[in-house]
Amino acid sequence: MVQSSNPKAPPMTQAEFDVARKIYFERCAGCHGVLRKGATGKPLTPDITLGKGTDYLKVFIAYGSPAGMPNWQTSGEMSEQQVDLMARYIQHDAPTPPEFGMADMKATWKVVVPPEKRPTKKMNNYNIENIFSTTLRDTGEVALIDGDSKQIINIVKTGYAVHISRTSASGRYLFVIGRDAKINMIDLWMEKPDNVAEIRMGLEARSVEASKYKGYEDKLVIAGAYWPPQYVIMKGDTLEPLKIVSTRGNTVDKQEYHPEPRVASIVASHYRPEFIVNVKETGKTLMVDYTDLNALKTIEVGTARFLHDGGWDSTKRYFMVAANQSNKIAVVDAKEDKLVKLVEVSKIPHPGRGANFIHPKFGPVWSTGHLGDEAISLVATDPVKHKQYAFKEVAQIKGQGGGALFIKTHPKSKHLYSDTPLNPDAAISQSVAVFDINALDKGFKVLPIAEWAGIKDDGAKRVVQPEYNKAGDEVWFSVWSAKDKQSAIVVVDDKTLKLKAVIKDPRLITPTGKFNVYNTQHDVY
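Quick caveat, the model's predicted, so the values are computed rather than measured.

## A few points about the pairing of strand β20 (residues 318-323)
- With 6 of 6 residues buried, β20 is to be regarded as a mostly interior element.
- Burial along β20 is two-sided: Y318, M320 and A322 facing one way and F319, V321 and A323 facing the other are all buried.
- Where strand β19 (residues 307-312) lies against β20, 4 bridges are found, and the strand directions are antiparallel. Considered in β20, the bridge of G311 is made with M320.
- Two successive antiparallel strands, β19 and β20, enclose a turn made up of 5 residues, where K316 displays a positive phi of approximately 65°.
- Direction of pairing for β20 relative to strand β21 (residues 328-333): antiparallel, over a ladder of 6 bridges. Residue M320 lies in a different strand from β21, and its bridge partner there is V331.

Shown next, in the form of structure tokens:
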């Protein structure tokens, strides 16, 4: 039996505890935290969970909530026994994982193909700018899919549940990072694009980025960890780790020490040789100057707690980052290295990168959906020609419901797409809402993406992450079911909103995020 420090914790065998710890890492830690202190999701420490009791917790885990908590049992992703296991597990104290330093990183670092042995020119006929790097969540792989032919080019073994794919400034290299903090560097110039270097930079992570400022293109890579709370700067051609910086410290509001300030989104500035590093629990945005790693200069911008994801405005000067449990968007000026404003929005914003478009009245706006409710917030971003609206929530439109993860449009499109994969209502989680940007007041049209996939089994078929092709005339959606169910990718014609193609393959297991190389390289959203 597990010897809990809390005598009221329900009994668990050591074997049960170990299984539950693995499930928690794979399904729960991202939102609730390794130490369960909460961020995107609620805190799950024993002082809270013991009072709720096992039966209450089982119902909540099984059925979820419209505020973004997945319905783990009714979707088929957890069994009744696993739900019972997790309800008991979260009433025990959270185990603290070990640290992960330079020696640990170097023990995992591998250069598969040294730079001098890589191609000196593009060796394939693929239109690499239209390749989609597609996360195969539960198999620990990415599928490189040719956006022109819709065929799989290669399946690359990666870390578990790749969270994001980013490109080098040149567009040649693809960097992917798993939730287990493993980074893979993929060379798109190879005859068959594949892994050329890899490293593990922690025990859990979400973000990776490459330097983009003029003169530093492809020189450096940065990755941020959830555990240990730290970021590491690496060589851009080999992933050799050069500098580790801890993010532990005090919160921006109460100035209290926090043991787990996880690194959330990271972007490379277009205005300065800096990485913009968002630290979740302490609410700090770090402007990290990478010109001299031995005398590292960092400007610490206090923003708001629970920073998560975000993206650039249309000028790529202002970084719009969601402080999701604070219900705010922090607007950070990358040219002046300062906070412009904290914008109040709705409940638990989750923009992905967000979506930029021209509003008929308010001019350029950036938009986000929410995990906590059906609101889609529009924030005006033009302080020059639309000064009276700048950096205010100028409008809210209503989507299908809570549980939204990604919102997307394209400079060549008149449509705005919003998914809702974490909504417990299958009719909502299996479809997307699409708006006409020029007639937002007319509401949305529902596209039955999962139905169009033509999958006949009883999988969850969550529809997640709209992603445009390079031309901006197609939108790709993942139809995501459990590992033992069929999944697919559905391609929609953006002009007609009609089904264009369905990509099915036995190797497409749990597809989630898709990252078009050109749009990722140029921050097109």
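Back to the write-up after that little detour.
## A closer look at the packing of aromatic side chains
- Considering all chains together, one arrives at 13 aromatic pairs under this definition.
- Ring geometry for Y24 versus Y89: centroids 6.0 Å apart, planes at 50°, classification tilted. Here Y24 is found in helix α1 (residues 14-32), whereas its partner Y89 is found in helix α4 (residues 80-89), with 65 residues between them in sequence.
- For Y24, a relative accessible area of 4% gives the class buried.
- Residue classification places Y89 among the buried positions, given a relative accessible area of 2%.
- Pairing F435 with F444 gives two aromatic rings, centres 5.7 Å apart and planes at 70°, and the pair type is edge-to-face.
- For F435, a relative accessible area of 1% gives the class buried.
- Classification of F444 by relative accessible area gives partly exposed; the value is 32%.
- Here a set of aromatic residues connected by ring pairs shows up, and it is made of F17, Y24 and Y89.
- In this structure, R36 is placed above the aromatic ring of Y24, and the distance from its NZ or CZ to the ring centre is 5.6 Å.
- Between the NZ or CZ atom of R36 and the centre of the ring of Y89, over which it lies, the distance is 4.6 Å.

## What to know about the UniProt feature "domain: Cytochrome c" (unreviewed entry) in the chain
- When the UniProt feature table is mapped to this numbering, "domain: Cytochrome c" (unreviewed entry) covers residues 15-94.
- Strand forms 0% of residues 15-94 and helix 56%; the C-alpha atoms that close the span are 16 Å apart.

Procedures and definitions
- Per chain, the residues get numbers from 1 upward, laid out in the order the sequence is written.
- Predicted model: local features are reported for residues with pLDDT of at least 70 only, side-chain atom pairs are reported and counted for 80 or more only, and whole-chain, interface and lining totals are derived from all residues.
- Based on all heavy atoms of the structure, the side-chain values leave hydrogens and waters out of the count.
- Whether a residue is buried, partly exposed or exposed follows from its accessible area with a 1.4 Å probe, protein chains only, as a fraction of its type maximum: under 20%, in between, or over 50%, in that order.
- Secondary structure elements are defined from DSSP: runs of H or I of at least 4 residues count as helices, runs of E of at least 2 residues count as strands, and each element is numbered from the N terminus.
- Strands are labelled as partners when DSSP assigns at least two bridges between them.
- Any Phe, Tyr or Trp ring, taking Trp's six-membered ring, that has another such ring centre within 6.5 Å forms a pair; planes under 30 degrees apart are called stacked, those over 60 apart edge-to-face, and the others tilted.
- Only Lys NZ and Arg CZ are tested; either one counts as a charge over a ring when it is within 6 Å of the ring centre and within 35 degrees of the ring normal.
- UniProt positions are given in the numbering used here, feature names are shortened, and annotations may be inferred rather than shown by experiment.

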